[in-house]
Amino acid sequence: IYHSPRAITLNRLFEKVLRDDLNSYVYDANVAGMTYVVSVVPSAYRLSVSGYSQKLPHLLDVVTSRMSSLIQEMKEGDEAHPALAEIFLKAKDNLLRQTKNYIFESPYETGSYNLRMLHESPAWHINDYMGEMEGEDAESEPLTMKECAEAAEKCLFGRSKAVSLCMGNIDEKGSKEVEKVIKKLQKGNFL
């Protein structure tokens, strides 16, 4: 995910589009006290589900299945899915605004970020991300929905390794169901 500013920006866009899209799919689960979190970290996608143990494997399956089908829809392009293209543009605007608002973070957050810039290699600066979304480079090579889907697909279904932790009130049978969903995702069997 973190091999270039463009790659991380595209994956963060996919995260935002996915989160917006999943609202309608998991609304009832949220009302029932179950939650999910999908986030992009420099090394991976992080997916977490919590709530009632007997329904967690199903929620995980819904989220991962939707991740895969969303990738396919995004690859089909703007003309095939105009509503999805609108969500993508909204996500791009929100990500740009969020990135620009970095300068308004607390001094602790700003200091931590700058320290990370000194210690990590490779480290991309916030200006590199903004350059992917606005400016001359962004105008000559704009971020597209199809490219976003391809970047997410590469990170999710390429050379991947899944690690899971099942804890709390989940039995062995539930843990095995979670394992099946994860293996299905790893093999890209949703497509």
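Residues numbered from 1 in each chain as written. Predicted model: local features only at pLDDT ≥ 70, side-chain atom pairs only at ≥ 80, totals over all residues. Heavy atoms only, no water.

### Topic: the overall build of the protein
At step 1: Counting secondary structure elements, the protein contains 9 helices and 2 strands.
At step 2: Written out in order from the N terminus, the α and β elements of the protein read α-α-β-β-α-α-α-α-α-α-α.
At step 3: For 191 residues, the compact-globule estimate of 2.2 N^0.38 gives 16 Å, and the C-alpha radius of gyration of the protein, at 18 Å, lies within 12% of that figure.
At step 4: Its C-alpha atoms put the protein at 50 × 45 × 35 Å along the principal axes. (Helix = DSSP H or I, 4+ residues; strand = E, 2+ residues; numbered from the N terminus. Rg over C-alpha atoms; globule rule 2.2 N^0.38 Å.)

### Concerning the packing of aromatic side chains
At step 1: Enumeration over the complete set of coordinates arrives at 2 aromatic pairs.
At step 2: Both rings, one in Phe14 and one in Tyr45, keep their centres 6.3 Å apart while their planes meet at 80°; by these two values the pair is edge-to-face. Of the two residues, Phe14 sits in helix 1 (residues 5-25) while Tyr45 sits in strand 2 (residues 44-50), which places them 31 residues apart along the sequence. (Phe/Tyr/Trp six-rings, centres within 6.5 Å; stacked < 30°, edge-to-face > 60°.)

### Here's the deal with the nonpolar core
At step 1: Formed by 45 residues in total, the largest nonpolar core has its most connected members in Phe14, Tyr45, Val63 and Met74.
At step 2: At the level of secondary structure, the elements contributing two or more residues to this core comprise helix 1, strand 1 (35-41), helix 3 (56-76), helix 4 (82-100), helix 5 (107-119), helix 6 (126-133) and helix 8 (145-157).
At step 3: If we skip the residues at most four places from it in the chain, Val63 touches Leu22, Val26, Tyr36, Val38 and Leu47.
At step 4: Residues Ile170, Val178, Val181 and Ile182 belong to the second largest nonpolar core, which totals 5 residues. (Core = buried A, V, L, I, M, F, W, Y, C linked by side-chain atoms within 4.5 Å. Buried < 20%, exposed > 50% of the residue type's maximum accessible area, 1.4 Å probe, protein only. Contact = heavy atoms within 4.5 Å.)

### Considering a negative patch on the surface
At step 1: On the surface, Glu136, Asp137, Glu139 and Glu141 cluster together to form a negatively charged patch.
At step 2: Position of Glu141 among the secondary structure elements: in the loop between helix 7 (136-140) and helix 8. (Patch = residues over 30% accessible without salt bridge, like charges linked within 9 Å, V, L, I, M, F, W, Y side chains within 5 Å. Areas by Shrake-Rupley, 256 points an atom, 1.4 Å probe, with all protein chains shown as cover. Salt bridge = Lys/Arg side-chain N within 4 Å of Asp/Glu carboxyl O. Lys, Arg positive; Asp, Glu negative; His and termini not counted. Charge placed at Lys NZ, Arg CZ, Asp CG, Glu CD.)

### Some words on the pattern of salt bridges
At step 1: As enumerated under the stated definition, the model contains 9 salt bridges in all.
At step 2: Notably, a salt bridge pairs Arg6 with Glu132, separated by 2.7 Å at the nearest N-O pair. Here Glu132 lies in helix 6 and Arg6 lies in helix 1, a separation of 126 residues in the sequence. An identical accessibility class is assigned to Arg6 and Glu132; each is buried.
At step 3: Put simply, Arg66 and Asp21 hold a salt bridge, and the shortest N to O gap is 2.5 Å.

### Topic: the pairing of strand 2
At step 1: As defined by bridge partners, strand 1 adjoins strand 2 across 7 bridges and the pair is classed as antiparallel. From the neighbouring strand, Thr35 faces strand 2, where its bridge partner is Ser50. (Pairing = 2+ DSSP bridges.)

### Concerning unusual backbone geometry
At step 1: Of note, the amide linkage connecting Ser121 to Pro122 takes the cis form, showing an omega dihedral of -5°.
At step 2: Inspection of the secondary structure puts Pro122 in the loop between helix 5 and helix 6.

### Notes on the packing of helix 4 against helix 6
At step 1: Interaxial distance between helix 4 and helix 6 falls to 10 Å at its minimum, and their mutual angle equals 150°. In terms of orientation, helix 4 and helix 6 fall into the roughly antiparallel class. As helix 4 packs across helix 6, the resulting crossing turns out to be left-handed. Judged by residue contacts, Lys92, Leu95, Leu96, Thr99 and Lys100 of helix 4 engage Ile126, Tyr129, Met130 and Met133 from helix 6.
At step 2: Of the residues in the contact of helix 4 with helix 6, the class split is 6 nonpolar, 1 polar and 2 charged. (Axes fitted to C-alpha atoms, helices over the stretch in contact; angles between N-to-C directions. Parallel < 35°, antiparallel > 145°, perpendicular 65-115°, else oblique. Left-handed = near helix turned anticlockwise from the far one by under 90°. Nonpolar A, V, L, I, M, F, W, Y, C, P; charged D, E, K, R; others polar.)

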